[in-house]
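Observations on chain architecture
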Amino acid sequence: MFWTSYFLAVLAIALAWPVPILLSRAQWPARSPFTAMLLWQAIALAGGLSMIGAMLVYGLEPVGDSLLSGLRALAGMVFNNAPTTELGFWHIFALSAAALLTAHLVFTLLLTYYKIQRQRRRHRELLDLLASPSADGPGTVVLNVDSPVAYCLPGGARSVTVLSDGLMAALEPDELRAVLIHENAHLSQRHHLLLWAFAAWRQALPWLPTTRLAQESVNSLIEMLADDVALKTESKSTLIRAIAIVASGSAAAPAARLAFGDSGLPDADPSQPGATGGTGSAGTTASRVSRLLSPRPPLPEALRAAVLAACVLLLALPTALLLVPSLLG
């Protein structure tokens, strides 16, 4: 398993550094945001699997010719209280590092979920006090805030879309309809789950610049996906005007925070996404508007198929290397 461990280490480094940087700078994701989203997920999953797998395979090399056989041999040593003289210092160190990293990633994922759920619960309680039902349909409430604000708060059957008085006064009926469709798309496509996963990745590995790039890219892509849903029924000019009006309220967001505290609104700490939607960062807003003003054709079918094949390969390769005995020697 010697070469397997080194190959996995090289793959982990590539997926943790140059590949995400290149993807974050690419122009094609705006032409096919769904395909790009799948690629980001494949990079994150394959990178984590390769990182942990490289350490496990190296640590188990003296006692097995595959991950499974090595784990069985290690379990036998532990439960039978057998000597581990076959494992040198660096092998034990690699196994310990793999166990700690796995525990850290799982713990951070669960902790991030707990924080988000607590944030949303607090936010929902405040909405019950400060917001009133909207005439635009069930699941929509209106907040008495003068600045244009629009976002959605996920919660299964209790999901709600929040609009402000200032927004409703500033938008024409078709623009308001575009905003509602956009926010409802976030809920129906469960974008909050993606935000949770990438927020946890960034929380777990904050020293890795690509975790920030990945989270920012995913935030931008989900906005584009929601825009595409709105464009099925509303015109580009209508959506652009709506985006511009909502974006104009971002400077006044601190006023809204006085009611809701420092968490919950879309422009709060991006690593703890309690709400979904809004305009996001200035860069995301600029990307969305530029994409609508200068539309480019969707990615050709052949290229989309190639990206999807790359996603499958990214996930299959480390899995095969871990499970197939002596695949690389």
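Quick note: structure is the one above.
Residues numbered from 1 in each chain as written. Predicted model: local features only at pLDDT ≥ 70, side-chain atom pairs only at ≥ 80, totals over all residues. Heavy atoms only, no water.

**Observations concerning the pattern of salt bridges**
Worth spelling out the cut-off: For this analysis, a salt bridge means a side-chain nitrogen from Lys or Arg found within 4 Å of a carboxyl oxygen belonging to Asp or Glu. By definition, any uninterrupted DSSP run of H or I lasting at least four residues is a helix, any uninterrupted run of E lasting at least two residues is a strand, and each is numbered from the N terminus. Using a 1.4 Å probe on the protein chains alone, a residue whose accessible area is under 20% of its type maximum counts as buried, one over 50% counts as exposed, and one in between counts as partly exposed.
Following the criterion strictly, the structure yields eight salt bridges and no others. A salt bridge links Glu234 to Arg177, with the nearest nitrogen and oxygen atoms 2.7 Å apart. With a gap of 57 residues between them, Glu234 in the loop between α9 (209–230) and α10 (236–248) and Arg177 in helix α7 (residues 173–188) connect regions that are remote in the sequence. By relative accessible area, which is 10% here, Glu234 ends up buried. Residue Arg288 pairs with Asp227 through a salt bridge whose shortest N-O separation is 2.8 Å.

**Regarding the nonpolar core**
As a reminder of what qualifies: We call a set of buried Ala, Val, Leu, Ile, Met, Phe, Trp, Tyr and Cys residues a nonpolar core when their side-chain atoms join them within 4.5 Å. Contacts between residues were defined by any pair of non-hydrogen atoms, one from each residue, lying within 4.5 Å.
In terms of nonpolar packing, the biggest core is built from 44 residues, with Met37, Leu39, Trp40, Phe198, Val218 and Leu314 touching the most fellow members. Secondary structure elements with two or more residues in this core: α1 (2–16), α3 (33–60), α4 (67–79), α5 (89–130), α8 (191–204), α9 and α13 (301–323). Beyond its immediate chain neighbours, meaning those up to four positions away, Leu314 contacts Leu15, Leu39, Ala42, Ile43 and Ala46.

**Considerations on the environment of Gln117**
Test applied: Under the rule applied, a polar contact is a pair of N or O atoms within 3.5 Å (in protein, one hydrogen donor and one hydrogen acceptor; residues adjacent in sequence only if both atoms are side-chain atoms).
Within the secondary structure layout, Gln117 lies in helix α5. We classify Gln117 as partly exposed; its relative accessible area is 29%. Residues Gln117 and Gly155 lie 38 residues apart in sequence; the distance between their C-alpha atoms is 8.8 Å. A distance of 3.3 Å separates polar atoms of two side chains, one belonging to Gln117 and the other to Arg120.

**Some points on the packing of aromatic side chains**
We describe a pair of aromatic rings using the distance from one ring centre to the other and the angle between the two ring planes. The condition that has to hold: Classification of ring pairs rests on two measures: the distance between centres of Phe, Tyr or Trp rings, Trp counted by its six-membered ring, which must be within 6.5 Å, and the angle between planes, read as stacked under 30 degrees, edge-to-face over 60 and tilted in between.
All chains considered together, the criterion is met by five aromatic pairs. On the basis of an interplanar angle of 55° and a centroid distance of 5.2 Å, the ring pair of Tyr113 and Trp196 is categorised as tilted. With Tyr113 in helix α5 and Trp196 in helix α8, the pair connects residues that are 83 residues apart, well separated along the chain. The class for Trp196 is partly exposed, based on a relative accessible area of 22%.

**Observations regarding the side chain of Arg291**
Among the secondary structure elements, Arg291 is positioned in helix α12 (residues 282–293). Discounting residues that sit within four places of it in the chain, Arg291 has contacts with Ala30, Pro33, Met224 and Asp228.

**Concerning the sheet that holds strand β4 (residues 160–164)**
Selection criterion: At least two DSSP bridges between two strands are required for those strands to pair. Axis definition: a line fit to C-alpha positions, over the contact stretch in the case of helices; interaxial angles, taken between N-to-C directions, run 0 to 180 degrees.
Judged by pairing direction, the sheet is mixed, and its four strands sit side by side in the order β1-β2-β4-β3 without closing on themselves. Each end of this open sheet is capped by a strand with a single partner; those strands are β1 (131–133) and β3 (150–153). For this sheet, the mean angle separating the axes of adjacent strands, direction not counted, is 30°. Summarising the sheet, strand β2 (residues 140–143) and β4 pair through four bridges and their orientation is parallel. Bridge pairing links Leu143 to Ser164 in β4.

**Overview of the packing of helix α2 (residues 18–25) against α3**
Operational definition: Here is the rule for angles: anything less than 35 degrees is roughly parallel, anything more than 145 is roughly antiparallel, 65 through 115 is roughly perpendicular, and the remaining ranges are oblique. A crossing counts as left-handed when the near helix is turned anticlockwise from the far one by less than a right angle, and as right-handed when that turn is clockwise.
Close contact between α2 and α3 brings their axes to 11 Å; oriented N to C, the two are set at 165°. Judged by the angle between their axes, α2 and α3 are roughly antiparallel. For the element pair α2 and α3, the recorded crossing hand is left-handed. In this structure, α2 uses Val19, Pro20, Leu23 and Ser24 to contact α3, whose residues at the interface are Leu39, Trp40 and Ile43.

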